[in-house]
Amino acid sequence: MHNVTEDVRHEIRTAVSEAIASSELGVQVGRVQACDVPVELTRDKSYGDFSTTVAMSLAKQLRRPPRQIAESIAETLRSTARKTCYIRRVEVAGAGFINFFLSRAWLEDTIRAVHAAGPAYGTSDAPVGRRVQIEFVSANPTGPMNVVNARAGAVGAALASIMRAAGYDVSTEYYINDAGNQVAVLGESVELRYRQLQGERIEFPEKCYQGAYITDIAREAAAKHGEKLKAMAADERTRFFREFALARMLESQKRSLARFGVDFDVWFSERTLVESGAHREMLGILRERGMVYEKDGATWLRTTDFGDDKDRVLVKSDGEYTYLAGDIAYHRNKLGRGFDLIIDIWGPDHHGHVIPTRAGLQALGYPGECLEVLLLQFLSILSGGERVKMSKRAGEFVTMDDLVDEVGRDAARYFLLMRNIESHLDFDLDLAKSQSQENPVYYVQYAHARICSIFRQAEENGVTIVEPSGADLSRLVEEVELDIARKLAAYPDEIATSAADRAPNRLAKYALDLAGLFHSFYNSCRVISDDAGLTSARLALSGAVGTVLRNCLDILGISAPEKM
RNA sequence: GCGCCUGUAGCUCAGGGGAUAGAGCAACUGCCUUCUAAGCAGUGGGUCGCAGGUUCGAUUCCUGCCAGGCGCGCCA
């Protein structure tokens, strides 16, 4: 009873498959496997509860009108002596849909299933058994977390939760880019600011990071290590500033992420990778496999063998590894840790790296499908109707912290999750601030708080709260009550689809729809009344909605308040 | 020039091979002596960018075009 919808689907599939085999159609089509019968929850309940389009897909093969085929299948289903437990009525409609009207027992069972499973409702019974790693955010440690990182954080964390709910074994990872030359530039920026603070009249180069946070770090270094710094030799001091600045930036980035509620299972340092000799090792394997060649003093990878439009450099003529080489080595390391699927969430400006990186893995002998890159589209911040320019070097941006301060963590996360990941997202700060009352996240949270309030009220009034399994759910007869139960039944499908499509926004929409149904119910039906039986039934329904809302919000990384 | 993403209501966007295309905002009208009005009920609003193709069926998939965003380094 964990997943009633799946049970029903199975029942319908089997019945249809058997009906086709035993009807006159069976001779022509042969056996149609039950799993090949598409069974969907209907969009509109006038089409019944579930529907199949199998007749339409058989039309071509049988060279008969789909409606006729549907009638034939339906007729056989109706005359089947063996009474199935949920199916009550079978109708043919439209172009050849076979619609199934079920007994209300399936909705009552759904409500009971939600109560029985609680937080586990909607999660998959059968683990998919694939080890998945999702890497996201992985910002350069050269500036504060910005809103693009916030979007990646919200999406990555939600996707990880959704895929876990769908049965995947998921690990989340943050790649710390602590080995590149941008760290040297960061150190240099801080050191120059420090020297300026010491009264030296020196120019601050354009390539350095301009933000005020650089000066803050310089000031902090001076305050803590003032005397020691003065005594240092030049190269020693440069090294000091690089390490000091890096440590401070990482600390501040981790703090921002923690405030935003995004956590990672693994923080992976690029340095440890470099120091482990992973690059050299990778290159050795590629060389053995004949995948690299020398040209113009550089070492090239034959990415064109795997669909790239030109080969790529792995080792520059100055002997340094390229960014691509590092990425391939890193991904090889990930796969070496036993993951079957690597999901990276990147910005759209990195889309050109997808093919070369995958090509690198293929060149190493891995299947291309083991790397999936989700390109998260950009996010613009609108303030006063104007697009806020964001440039890290210029030090202009709205930070993740700003977002949390101004809009709040829950609202920020919901907003960032609301949209399809491949859609450009306009985040209007003024709107989010001024209209925070109408914010969709409050709508969902409010439904949850209302449900909690009902239960508090029931307790205060001394209403005996019957165990849901004991409530007489046949008392739920209002249309909106049954609509809610139907929506609860759709939840497991919603989790599965959101996971398969890598689409957290679907779940955000589901939560909004369920909350809407509940608000509607709340306004037209009184839960606590003199009718004890009805009260129990409605409490059971409300409690089930509360559970599912909580599950959704939890997955999305948003709090489910008991009071608002 | 090549590549990726987008084009759906006045605005911001969902949806998606199927049966009358949805929500919020904005506008208007009602609903608080009863469990939270951060709520509900209702009204108006659409050639799903354009043109072909595949299909029993396309707004959805494919191709081309148009428009917008972004990217095309021995940078990271």
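Residues numbered from 1 in each chain as written. Chains lettered and ligands numbered in written order. Predicted model: local features only at pLDDT ≥ 70, side-chain atom pairs only at ≥ 80, totals over all residues. Heavy atoms only, no water.

### With respect to the protein's contact with RNA strand B
For step 1, the next point in the chain: Not every one of the 62 residues close to RNA strand B is listed here, only the nearest: Tyr443, Tyr446, Arg450, Ser453 and Arg506.
For step 2, the next point in the chain: Near the protein, meaning within 4 Å, the atoms of RNA strand B are sugar or phosphate in a fraction of 60%, with bases accounting for the rest.
For step 3, the next point in the chain: Arg43 is positioned such that a nitrogen or oxygen atom in its side chain is 2.5 Å from a phosphate oxygen of RNA strand B.
For step 4, the next point in the chain: Note that a base nitrogen of RNA strand B is positioned 2.7 Å from one of the backbone N or O atoms of Cys525. (Near = heavy atom within 4 Å. Polar contact = N/O pair within 3.5 Å; in protein donor to acceptor, adjacent residues only side chain to side chain.)

### Brief notes about the domain arrangement of chain A
For step 1, the next point in the chain: Domain annotation of chain A identifies domain 1 (4-103), domain 2 (132-176 + 264-375) and domain 3 (436-556).
For step 2, the next point in the chain: For domain 1 and domain 2, the distance between their C-alpha centroids amounts to 46 Å. (Domains from an automatic or database assignment.)

### Digging into helix α13 (residues 354-363)
For step 1, the next point in the chain: Where burial is concerned, most of α13 is hidden: 7 out of the 10 residues are buried.
For step 2, the next point in the chain: Listed in full, the buried residues belonging to α13 are Val354, Pro356, Thr357, Ala359, Gly360, Leu361 and Ala363.
For step 3, the next point in the chain: Lining the buried residues of α13 we find α11 (278-288), β9 (298-301), β10 (312-315), α12 (323-336), β11 (341-346) and β12 (371-375).
For step 4, the next point in the chain: Once α13 finishes, Gly365 follows within two positions and takes phi at roughly 105°, a positive value. (Buried < 20%, exposed > 50% of the residue type's maximum accessible area, 1.4 Å probe, protein only. Helix = DSSP H or I, 4+ residues; strand = E, 2+ residues; numbered from the N terminus. Contact = heavy atoms within 4.5 Å.)

### Structural notes on helix α18 (residues 479-500)
Two residues of an α-helix separated by three or four positions point the same way, owing to the 3.6 residues in each turn.
For step 1, the next point in the chain: In this model α18 runs 32 Å from its N-terminal to its C-terminal C-alpha over 22 residues, within 8% of the 32 Å that 1.5 Å per residue would give.
For step 2, the next point in the chain: A maximum bend of about 35° is found in α18 at Tyr491, where proline Pro492 lies one to four positions downstream.
For step 3, the next point in the chain: By the criterion of burial, α18 is predominantly enclosed, with 16 of the 22 residues buried.
For step 4, the next point in the chain: Within two residues after α18, Arg502 carries a phi angle of roughly 50°, on the positive side. (Expected span 1.5 Å × (residues − 1). Bend = angle between axes of the 7 residues up to and from the residue.)

### Quick notes on the sheet that holds strand β5 (residues 131-135)
For step 1, the next point in the chain: Here 5 strands make up an open sheet; going across it, the order is β7-β6-β5-β11-β12 and the pairing parallel. The open sheet has two free edges, formed respectively by β7 (266-269) and β12, since each of these has just one partner strand. Averaged over neighbouring strand pairs, the angle between their axes works out to 25° when direction is ignored.
For step 2, the next point in the chain: Pairing geometry for strand β6 (residues 169-176) and β7, over 4 bridges, is parallel. Looking across to β7, one finds that Tyr175 is bridged to Phe268.
For step 3, the next point in the chain: Sitting on the sheet, α13 is in contact with β11 and β12, with an inclination near 170° to β12. (Pairing = 2+ DSSP bridges. Axes fitted to C-alpha atoms, helices over the stretch in contact; angles between N-to-C directions.)

### Quick look at the packing of aromatic side chains
For step 1, the next point in the chain: One pass over the full model with this rule turns up 17 aromatic pairs.
For step 2, the next point in the chain: Ring plane angle 40° and centroid distance 4.6 Å describe the contact between Phe136 and Phe264, whose orientation is recorded as tilted. Here Phe264 lies in the loop between α9 (234-260) and β7 and Phe136 lies in the loop between β5 and α6 (147-165), a separation of 128 residues in the sequence. Taken as a pair, Phe136 and Phe264 share a single burial class, namely buried.
For step 3, the next point in the chain: Pairwise contacts between aromatic rings join Phe136, Tyr174, Phe264 and Trp267 into one cluster.
For step 4, the next point in the chain: Here the basic side chain of Arg193 rests over the ring of Phe204, its NZ or CZ set 3.5 Å away from the ring centre.
For step 5, the next point in the chain: Here the guanidinium or amino end of Lys295 rests over the ring plane of Trp300, the centre of that ring lying 4.5 Å away. (Phe/Tyr/Trp six-rings, centres within 6.5 Å; stacked < 30°, edge-to-face > 60°. Lys NZ or Arg CZ within 6 Å of the ring centre and 35° of its normal.)

### What to know about the pattern of salt bridges
Here the idea is simple: oppositely charged side chains can pair when their charged atoms come close.
For step 1, the next point in the chain: Counted by the stated rule, this structure contains 38 salt bridges.
For step 2, the next point in the chain: Between Asp169 and Arg131 there is a salt bridge, with the nearest N and O atoms lying 3.9 Å from each other. Of the two residues, Asp169 sits in strand β6 while Arg131 sits in strand β5, which places them 38 residues apart along the sequence.
For step 3, the next point in the chain: Taking relative accessible area as the criterion, Arg131 reaches 32% and is therefore assigned partly exposed. (Salt bridge = Lys/Arg side-chain N within 4 Å of Asp/Glu carboxyl O.)

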